[in-house]
Amino acid sequence: MSGTELTVTLSGATAADARAVVRVLEPAFGQAKEEPPKDEDVTVHTARFEHDPADRPTEPATGGPGHLSGAVTVTVQGAPDAVALARESLTHAFTAQDQGSVSGDQEQEWQLLLEP
C-alpha cells in the first residue's frame, strides 16, 4: 500500500496547543510537512503528515500526557488506519471526548474534543 496523507485540523487552539498535538502525533507519523504555527492570534491550525503503514509503527505513541491551555476540537482525516492510529495516540496523551466520525469509500474523518 502506498503512502497517504493524514490531515489534522485544530479549532480553538493556541499555537502552543497546536504544537503539543503535533508533538504527540510525530512518533507515529514522523515530522509534520510544515512547521507548527507560531502566531498566537490564530485559532484554527492545520498539520499534514505523510502516512505509510509499511514505514511507521502501528502502535499509538505512549509518551507522557500532553498539555493544553483549554479545550481543543481536533478533526483527523485520512485513510482509516491512519485516522485510527492518530485517534489512539491522541486519546492516550489527552483527555478526549469522541465527537463522532464519517466514513467514505477510502477515507475517514474523526472528531475529538481534547480537554486540558
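That block above? That's the structure.
Rules used in this analysis
Residues numbered from 1 in each chain as written. Predicted model: local features only at pLDDT ≥ 70, side-chain atom pairs only at ≥ 80, totals over all residues. Heavy atoms only, no water. Salt bridge = Lys/Arg side-chain N within 4 Å of Asp/Glu carboxyl O. Helix = DSSP H or I, 4+ residues; strand = E, 2+ residues; numbered from the N terminus. Buried < 20%, exposed > 50% of the residue type's maximum accessible area, 1.4 Å probe, protein only. Expected span 1.5 Å × (residues − 1). Pairing = 2+ DSSP bridges.

Caption draft 1: Up close: the pattern of salt bridges. Taken as a whole and assessed by the stated rule, the structure comprises 4 salt bridges. With its nearest N and O atoms 3.5 Å apart, the salt bridge here joins R87 to D98. Linking R87 in helix α2 (residues 80–93) with D98 in strand β4 (residues 95–103), this pair joins segments that are 11 residues apart in sequence. Using a relative accessible area of 42% as the deciding quantity, one classes D98 as partly exposed. Where salt bridges share partners, they join E5, K33 and E50 into one cluster.

Caption draft 2: Layout of helix α1 (residues 15–29). For α1, which comprises 15 residues, the first-to-last C-alpha distance of 20 Å matches the rise-based estimate of 21 Å (1.5 Å per residue) to within 8%. Taken together, the buried positions of α1 are A15, D17, A18, A20, V21, V22, V24, L25, A28 and F29. Following α1 by one or two positions, G30 has its phi on the positive side, about 85°.

Caption draft 3: Fine view of the pairing of strand β1 (residues 4–11). Across 8 bridges, β1 lies against strand β2 (residues 44–51) in antiparallel orientation. Along β2, the bridge assignment pairs E5 with E50. Bridge count between β1 and strand β3 (residues 72–78): 5 bridges; the pairing is antiparallel. If you follow V8 over to β3, its bridge partner there is V76.

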